[in-house]
Amino acid sequence: MPADVIAIDHRTMLGCRYAIINPLQVDASVWDDLPVRPIVPAAFLAHPELFPVLLALDELGNRARVGLLDRMAMWECTSTYPYFSALLSSDAAADRVERHLASLMVHQHHGITDVLRPHDPRVFRHMQWLLDDDQKDAMLGPITGWTWREPSGAWQQMRRQRVPAAALHLRQAQWDAYARIGLLNRALAQLQGVVPGYGNDATDAASVDSLLETALAMHHLVDPDDRCLFAEQAVRFHPRIHAHSSLVSRLLQASTGQTSYVSACADLDDAAMRRFAHDMDQQRTERIAS
């Protein structure tokens, strides 16, 4: 169920019935005159300010609805956060969409209450690779199309393939990956600074998440900076770069607490890393030849 890149224009605004606005990211002064309703899970009714609001676009006239594009443009001139966290297509009534979104945010597993925040586009973008197709349909529920803005500025839309047969449930490995999303976004932003355009594809994000997991699980790198550097090295230079003897020794130093991995690699420049990558390719060639 790949997402489609779309343009946000008057046709899009007239074709969507609902929008999500996040009060934690968008000042109330630019939306509090709109017909919004809070989306608050029952367990958090005392803290509605922590959760998004749902805007029923059908309650606006066409002129006012299209005029929201101007509000969006003005807000995004000075803010890194999108005015709309999402635009939604649905045939369902507003109260049903609201209930679904509220129920989607709170999950119980192993006796622990976890909060899922798919309404944040920095999270939703990773649902593309984190969930399987049935889970994506369950996440959308009565919503037939979910449109969000990527960090690149491009808008994408995920469409429901079929009416879901069950509610959304995440496997433990998916919860673990969800817990890494903040670190993942940090690593992707760091990579985009040196590899322009990297991370715009869902497969890139999945690959970096796997590297962040490996850095902790196999090499015991706990520090976020160490894990981000580990991922960057593999992406920029060679997928097996960490099997090079020079990096193996540095990883051992970091894993045993002698130093941080960042400090252990401080003497390595790009030229040195490219030599390591060449060594790895040479070793592979020699193994194949033998």
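Here the structure is shown first, and the text comes after it.
Residues numbered from 1 in each chain as written. Predicted model: local features only at pLDDT ≥ 70, side-chain atom pairs only at ≥ 80, totals over all residues. Heavy atoms only, no water.

Considering the overall build of the chain
Looking only at helices and strands, one finds 13 helices and nine strands in the chain. Dimensions along the principal axes, computed over C-alpha positions, put the chain at roughly 70 × 45 × 35 Å. The buried share of the chain, reckoned over its 290 residues, is 47%. Total accessible area on the chain stands at roughly 14,200 Å², and carbon and sulfur atoms take up 53% of it. Here the chain contributes 27 positively and 35 negatively charged side chains, and the mean placements of these two sets differ by 3 Å. (Helix = DSSP H or I, 4+ residues; strand = E, 2+ residues; numbered from the N terminus. Buried < 20%, exposed > 50% of the residue type's maximum accessible area, 1.4 Å probe, protein only. Areas by Shrake-Rupley, 256 points an atom, 1.4 Å probe, with all protein chains shown as cover. Lys, Arg positive; Asp, Glu negative; His and termini not counted. Charge placed at Lys NZ, Arg CZ, Asp CG, Glu CD.)

Some points on helix 2 (residues 62-78)
Those residues of helix 2 not exposed but buried are R65, L68, L69, M72 and W75. Down the axis of helix 2, the sector holding all buried residues measures 140°, keeping them to one side. Exposed side chains of helix 2 directed beyond 90 degrees from the buried face belong to R63, D70, M74, C77 and T78. Lining the buried residues of helix 2 we find helix 1 (10-15), strand 4 (53-56) and strand 9 (155-159). (Arc of directions from axis to C-beta. Contact = heavy atoms within 4.5 Å.)

What to know about the pairing of strand 4
Residues V53 and L55 line one face of strand 4 and the alternating positions L54 and A56 line the opposite face, and both faces are buried. Sheet topology note: the strand 2 (residues 18-21)/strand 4 ladder contains four bridges and is antiparallel. Across the sheet, residue A19 finds its bridge partner in strand 4, namely L55. For strand 3 (residues 36-38) and strand 4, the ladder comprises three bridges, and the chain directions are antiparallel. Paired with P38 across the two strands is V53, which belongs to strand 4. (Pairing = 2+ DSSP bridges.)

Things to note about the packing of aromatic side chains
Applying the stated criterion across every chain yields a total of five aromatic pairs. With centroids separated by 4.8 Å and ring planes inclined at 80°, the aromatic side chains of Y83 and F84 adopt a geometry described as edge-to-face. On the basis of relative accessibility, which here comes to 0%, the residue F84 falls in the buried class. Taken together, a centroid distance of 5.7 Å and an interplanar angle of 90° make the contact between W175 and Y178 edge-to-face. Of this pair, W175 and Y178 both sit in helix 7 (residues 172-179), three residues apart, roughly one helical turn. A network of ring pairs unites the aromatic residues F124, W146 and W148 as a single cluster. Taking the ring centre of F51 as reference, the NZ or CZ of R117 above it sits at 5.8 Å. (Phe/Tyr/Trp six-rings, centres within 6.5 Å; stacked < 30°, edge-to-face > 60°. Lys NZ or Arg CZ within 6 Å of the ring centre and 35° of its normal.)

Thoughts on the pattern of salt bridges
Tallying each qualifying case throughout the model produces 17 salt bridges. E76 serves as the salt-bridge partner of R149, at 3.2 Å between the closest nitrogen and oxygen. Taken together, the positions of R149 in strand 8 (residues 143-149) and E76 in helix 2 put the pair 73 residues apart, joining distant regions of the chain. For R149, a relative accessible area of 15% puts it in the buried group. Given the relative accessible area of 22%, E76 is considered partly exposed. One salt bridge connects R162 with D137, and the closest N-O pair in it is separated by 3.2 Å. Of the two residues, R162 is situated in the loop between strand 9 and helix 7 and D137 in helix 6 (residues 133-140); the sequence distance between them amounts to 25 residues. Sharing partners across several salt bridges, the network here consists of R17, D58 and R65. (Salt bridge = Lys/Arg side-chain N within 4 Å of Asp/Glu carboxyl O.)

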